[in-house]
Amino acid sequence: MSGLTINDKDVVVPGEVLAEGMDYLPSHGTYRLDDTIRAGKLGLARIDGKVIKIIPLSGVYSPRRNDVIICKVFDVLMSGWRVNTFTPYSAMLSMKDGTNEFIMKGANLTKYHQIGDYIMCKVVNVTSQRLIDVTMKGPGLRKLDNGRFIRVNSHKVPRIIGKQGSMVSMVKNATGCRILVGQNGVVWVSGEPEMEILAIETIKKVEKESHVSGLTDTIKVFLEEKTGKKLETKAEEKSEPEGEQQ
Amino acid sequence: MMMSESRKHITEYLKKGLRLDGRKLDEFREVSVEYGVSKNAEGSARVKIGGTEVIAGVKLNIGTPYSDRPDEGTLMVGVELYPLASPEFEAGPPSIDSIELARVVDRGIREAGAIDNKALCIEKGEKIWIVSVDICPINDEGNLFDAAGLAAIAAIMDAKFPKVEKDGTVNYKERTKTPLPIKKRPIPITVWRIGNDLIVDPINEEEKSTDARLTIASLSDGVICALQKGGDATLTVEDVDKMTDLAIAKAKDLRSKLGGKSK
Amino acid sequence: MSYTKRVDGRKSFTELRPITAKAGVIARADGSAYFKIGNTAAYAAVYGPRELHPRNKQIPTRGLLRCDYVMMPFSGMGDRVRPGPNRRAKEISMVTQKALDPVLDLQDYPNAVVDVFICLPETDAGSRCAGICAASIALADAGVPMKDLICAVSTGQVGDKVVVDLDYAEEAYSDGPVSDIPVAMIPSTGELTLLQMDGEISKKDLMEALKLVKESMNEIYEVQKNALKDKYPAGGDDDE
């Protein structure tokens, strides 16, 4: 197509010319400079008709309403807890959102969540100044213990979960581990030590090779070799949005 | 990237003879040594232990000796924990951690008599060589003690004296083929106690869960030449017995990575 | 006496020393790079956007860029560089920050900070420029929104010739006037974000130098671009 100087799915760098002339329109992550459209960050260029946008390959996670994320408690207050979201902005978990139990005013909140606890929570609200409120009221939201936590590139989370959870389900089936993936790139893995190690190795492999086609098959073969067991490919389960339970 | 693991979880792994990354308790990650990585330094080396990477450089200057040691040159070891290498390092004056790291490495090399200080004397009471070793971590994924110690020795092995002109000035642009007067090559290995288990070469998450550590520098014949205990908890004499055996064995492995004459 | 041949044997006065660059060399950082030109090498690590302390430095409308430049004690020819507060390094940290900031878009990160740490294991002139080039790659690697990379290299005059990319020997040339002009530029627009000069130069030669160095910036941009693309090979992505 005339005007385009790159192909769909090319990796582009800031300042790189994506199109010349006025035929194309800049979208997320791109901008117009004179009669060119240029990349405004490192990422994958996607062309959709006449619109060019960039899918980021790296960068910090931006919390959005209704995202399910894994956070760590770092402060206990009178009215709730402050949690580390693994972004530049901490979040507030208020007393009423911290648990389904009834809490008396003035009660000692460390009874429920202590500094260092990891929790699975949902983003309720984000203000323009990046004040974030989270809640633990909702299906699947709870404290996470007896497991290991790793951080992955938050942009790779969709790949790690897979279409309708297919990738993460495969890893769970092969290793017998419970796995929860937060949208903020924090992953919880719980199972037998050797299997936790394999699950983490697999997740890191998916993260590293996320751009390669046929990844699902590659991972299937990898898991089968490591466990010595054949994996059945079940029909995809219709599961809850990202971060679903076992 | 892993996050701070609970002590309980690490202990469960150790019961099965496993580390967080699947290694055995006494297993090191892959170690590599590269020489001559900085041309302006009189000697330099890069050491990698797993993902931990450290660069060390040697600078040689002529100075005046201490009055109580008029015929001996001096050796100084410094460590710079630049914030480049870890989100936990802060810019500013040296932290106690960087000071401890430098002192432990220094002890292992200087007190062990690695360099023949008398051979650094140019003119008794007047002129001696000052050997400055600076160690700079580039990426900290655990076990800086051993990486720094190995890099320092490698940089010292790499060093060559610059040319000294007839009028006594140093011509840094020309290097001689003369190496430093190295007598021994001590290798430090740090052994860490977690509960009743001993491990070597911890990653960041493991370092945070340890009780106590012992850095043991040893020579190729197994002679111990420096010790430093660290950490909040105690060590029993039995611990020390087992730790030194482990350290001496591992030092042999690391020494083989240095190449060159075995000394 | 006329300056006819470059001290290190480079054939042309606008030829750059050999460059190697690599992205993603420091795993613990959010973004990182290594940039080497001749015998001047720089590591850059980016941490952030992340929380900014102390709070009184926070800016409510955008993120803050903070740069710290340091030379390793053994990096220079001759004397060891004593670690510790160093005025030259502080000044370079400041001009580096000013050289990079104009292309960054930190509006989405109010009250946060992007920290850039630059360390040089080896220096042979052109160190602040090498640091800026490395930092640029590292910022892109970290996914920071930026409208372009920043390219930087020195230009100037050695004797009677206008040259690009002076090395230490040329800076020390004694048979005629020397000027050393570090320049940083936004390659897409030609705008300057760093311009300094040591030495003496005529206005005519200065304008000539600035014209010549623009070509070199494109060369540097290609190297930086390839360093990033090598780390992120494109491929057919299975659609999610």
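Conventions we followed
Residues numbered from 1 in each chain as written. Chains lettered and ligands numbered in written order. Predicted model: local features only at pLDDT ≥ 70, side-chain atom pairs only at ≥ 80, totals over all residues. Heavy atoms only, no water. Buried < 20%, exposed > 50% of the residue type's maximum accessible area, 1.4 Å probe, protein only. Helix = DSSP H or I, 4+ residues; strand = E, 2+ residues; numbered from the N terminus. Pairing = 2+ DSSP bridges. Axes fitted to C-alpha atoms, helices over the stretch in contact; angles between N-to-C directions. Contact = heavy atoms within 4.5 Å. Parallel < 35°, antiparallel > 145°, perpendicular 65-115°, else oblique. Left-handed = near helix turned anticlockwise from the far one by under 90°. Nonpolar A, V, L, I, M, F, W, Y, C, P; charged D, E, K, R; others polar. pLDDT = per-residue confidence, 0-100. Expected span 1.5 Å × (residues − 1). Buried area = accessible area lost by both parts, 1.4 Å probe. Salt bridge = Lys/Arg side-chain N within 4 Å of Asp/Glu carboxyl O.

**Examining the pairing of strand β6 (residues 127-139) of chain B**
All names here are of chain B. Of all 13 residues making up β6, eleven are buried, and the element is well covered by its neighbours. Note: strand β3 (residues 52-63) against β6, eleven bridges, orientation antiparallel. The residue of β6 that forms the bridge with I62 is W129. Inspection of the sheet shows strand β4 (residues 74-79) paired to β6 by six bridges, in the parallel sense. Bridging across to β6, G78 finds its partner in D134. Direction of pairing for strand β5 (residues 121-123) relative to β6: antiparallel, over a ladder of two bridges. Opposite C121, over in β6, you have I128 as the bridge partner. Counted along the chain from β5 to the antiparallel partner β6, the turn is three residues long, and its residue G125 has a positive phi close to 80 degrees.

**Side note on the sheet that holds strand β5 (residues 112-122) of chain C**
All names here are of chain C. Sheet architecture is open: five strands sit in the order β1-β2-β3-β5-β4, paired in mixed fashion. Sheet topology places β1 (19-23) and β4 (64-71) at the edges, where each strand pairs with a single neighbour. Sheet twist, expressed as the average angle between the axes of neighbouring strands with direction ignored, equals 15 degrees. Relative to β5, β4 is paired through eight bridges, and the arrangement is parallel. Bridge pairing in β5 places V70 opposite C119. Helix α1 (residues 87-100) rests against β4 and β5 of the sheet, and its axis sits at about 140 degrees to β4.

**So, the packing of helix α2 (residues 96-111) of chain B against helix α3 (residues 144-158) of chain B**
All names here are of chain B. Between α2 and α3, whose axes approach to 10 Å, the crossing angle comes to 50 degrees. It follows that α2 is oblique to α3 by the angle criterion. For the crossing formed where α2 meets α3, the hand is right-handed. Contacts between α2 and α3 involve E100, L101, V104, V105 and I109 on the former and, on the latter, L144, F145, A148, G149, A152, I153 and I156. Among the residues forming the contact of α2 with α3, the class breakdown is ten nonpolar, one polar and one charged.

**Focus: the confidence of the model for chain C**
Scored by pLDDT, chain C comes out at a mean of 94, with 97% of its residues at no less than 70. Per the prediction output, this complex has pTM 0.95; the corresponding ipTM is 0.94.

**Concerning helix α4 (residues 203-231) of chain C**
Along its 29 residues, α4 of chain C runs 42 Å from first to last C-alpha, staying within 8% of the 42 Å computed at 1.5 Å per residue. Taken together, the buried positions of α4 of chain C are D205, A209, L210, V213, S216, M217, I220, Y221, Q224, K225, A227 and L228 of chain C.

**Considering the interface of chain C and chain A**
How big an interface is tends to be stated in terms of accessible area lost as the parts join. The interface of chain C with chain A comprises 34 residues on the first partner and 36 residues on the second. Approximately 2800 Å² of surface area, both sides summed, lies buried where chain C meets chain A, with 53% of it carried by carbon and sulfur atoms. Where chain C meets chain A, there are two salt bridges. Mapped onto the side of chain C that touches chain A, the elements with two or more residues apiece are β3 (40-51), α2 (127-141) and α4 of chain C. The element contributing the most residues to the side of chain C that touches chain A is α4 of chain C, with four residues. Grouping the constituent residues of the side of chain C that touches chain A by class yields 16 nonpolar, six polar and twelve charged.

**Details of the packing of α1 of chain C against α2 of chain C**
Residue and element names in this part refer to chain C. Where α1 meets α2, the axes come as close as 10 Å, and the angle between the chain directions of the two elements is 45 degrees. Relative to α2, α1 is oriented oblique. For α1 against α2, the interelement crossing comes out right-handed. Touching R88, E91, I92, V95, T96, A99 and L100 of α1 are S127, R128, I132, A135, S136 and L139, all from α2. Its residues placed into classes, the contact of α1 with α2 shows seven nonpolar, three polar and three charged.

**Description of unusual backbone geometry**
A cis amide bond, omega 0 degrees, links G48 of chain C with the succeeding residue P49 of chain C. Backbone torsion omega between H53 of chain C and P54 of chain C reads 5 degrees, so that peptide bond is classified as cis. Tracing the backbone through its elements, the reader meets P54 of chain C in the loop between β3 and β4. Although it is not a glycine, K9 of chain A adopts a positive phi angle of roughly 75 degrees. Mapped onto the fold, K9 of chain A is located in the segment before β1 (11-12). Within the chain, N146 of chain A stands out as a residue other than glycine whose phi angle is a positive 55 degrees.

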